[in-house]
Amino acid sequence: MSWWEALFLGILQGLTEYLPVSSSGHLTIISSLFGLSGEENLTFTVMLHVATVLSTLVILWKEIVWIFKDLFTRQSWKSYTNLNSGTKYAINILISMIPVGIVGFCFKDKVEAIFGSGLTIVGSMLLVTALLLAFSYFAKPRQKENISGWHAFIIGIAQAVAVLPGLSRSGSTIATGLLLGDKKEKLAQFSFLMVIPPILGEALLDIINIAQVGFRQAMNGIAVSSVVIGFLSAFIVGCLACQWMINIVKKGKLIWFAIYCAVVGAITLIFSLC
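Residues numbered from 1 in each chain as written. Predicted model: local features only at pLDDT ≥ 70, side-chain atom pairs only at ≥ 80, totals over all residues. Heavy atoms only, no water.

**Comments concerning helix α4 (residues 61–71)**
In an α-helix, one turn spans 3.6 residues; hence positions three or four apart end up facing the same way.
So, point 1. All of the buried residues along α4 are Ile64, Ile67 and Asp70. An end-on view of α4 places all buried positions within 135° of arc, on one side of the element. Residues of α4 that are exposed and point over 90 degrees away from its buried face: Lys62 and Lys69. (Buried < 20%, exposed > 50% of the residue type's maximum accessible area, 1.4 Å probe, protein only. Helix = DSSP H or I, 4+ residues; strand = E, 2+ residues; numbered from the N terminus. Arc of directions from axis to C-beta.)

Given below as structure tokens:
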């Protein structure tokens with residue numbers, strides 16, 4: 001892998017991880033068109049995902065500090081209603097992890113088989129992403145003040161389904177929350193925070209696999225400099241994209257991404273069928 005390929009894949013990961021256009025779908029499309037091999041290298045892929053997680057921690061550090069501060073504040077644990085807001089938020093994040101945890105442990109092989117099924121599934125899921133974003137834009141449910149545990153679980157189901165390539169994770173979770181009536185100001189933050197534990201858990205498993213096969217073999221001939229370039233580009237672009245996406249959700253302008261996903265999905269589907 002050349003340095004410019006690593007730079008390009010890092011920028012692509014940083015952008016598409018937060019924008020509702022599907023990072024996995026775009027990486028699959030780009031790899032098919034240009035023969036880039038970043039997704040085939042375990043170490044490189046892990047570093048890109050860790051970089052985007054770090055960008056989330058940087059942009060949302062105040063919210064993370066607030067959650068941990070409330071967790072360690074003296075409070076009554078006798079009932080959910082007696083807990084402070086930060087602790088309830090943390091519990092909701094844990095609830096949202098249940099569906100994706102079930103998918104990861106029970107259906108990992110089937111999901112990996114779908115990831116290898118080519119551009120047809122990517123194009124189809126991009127069209128589904130476009131529909132979700134469009135529905136959430138035009139639907140006007142009565143807004144609720146806080147994200148409940150039940151809503152967190154439903155949003156978690158959307159995250160679990162979004163393991164399909166082309167189905168945007170951020171788009172699915174944010175659109176689902178909007179359709180449920182959760183406030184736009186809080187949805188983007190919750191969507192980005194809820195993905196941190198699953199990505200870190202997956203990265204930890206990948207690091208264990210790297211340790212088992214050996215670092216040199218896991219690198220698959222990619223230079224360390226390329227990994228560093230990919231990591232830094234994904235981190236810097238991820239910081240910008242994360243903040244940008246939060247502002248976009250607050251303004252309710254997801255319809256432009258729906259149009260984009262519809263166009264790219266249709267082109268990808270036609271290309272795959274020809």
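**Quick look at a nonpolar patch on the surface**
So, point 1. A surface patch of nonpolar side chains, amounting to about 690 Å² of accessible area, comprises Trp3, Trp4, Leu7, Phe8, Ile11, Leu15 and Trp244.
So, point 2. As for its position among the elements, Ile11 is in helix α1 (residues 3–16). (Patch = residues over 30% accessible without salt bridge, like charges linked within 9 Å, V, L, I, M, F, W, Y side chains within 5 Å. Areas by Shrake-Rupley, 256 points an atom, 1.4 Å probe, with all protein chains shown as cover. Salt bridge = Lys/Arg side-chain N within 4 Å of Asp/Glu carboxyl O.)

**Things to note about the packing of aromatic side chains**
So, point 1. Going through the model one piece at a time under the given rule, you end up with 6 aromatic pairs.
So, point 2. Summarising the aromatic geometry, the rings of Tyr89 and Phe190 are spaced 5.6 Å apart at their centres and angled 80° between planes, so their arrangement reads as edge-to-face. With Tyr89 in helix α5 (residues 85–106) and Phe190 in helix α10 (residues 184–194), this residue pair connects regions lying 101 residues apart in the sequence. Assigned by exposure class, Tyr89 and Phe190 land together as buried.
So, point 3. Geometrically, the ring pair formed by Trp244 and Phe257 is edge-to-face, given 6.4 Å between the ring centres and 65° between the ring planes. Here Trp244, found in helix α13 (residues 224–251), pairs with Phe257, found in helix α14 (residues 255–273); they are 13 residues apart in sequence, far enough to count as distant.
So, point 4. Residue class for Trp244 comes out partly exposed when judged on its relative accessible area of 45%.
So, point 5. Look at Phe257 and you get buried, because its relative accessible area is 11%. (Phe/Tyr/Trp six-rings, centres within 6.5 Å; stacked < 30°, edge-to-face > 60°.)

By themselves these figures say nothing about function.
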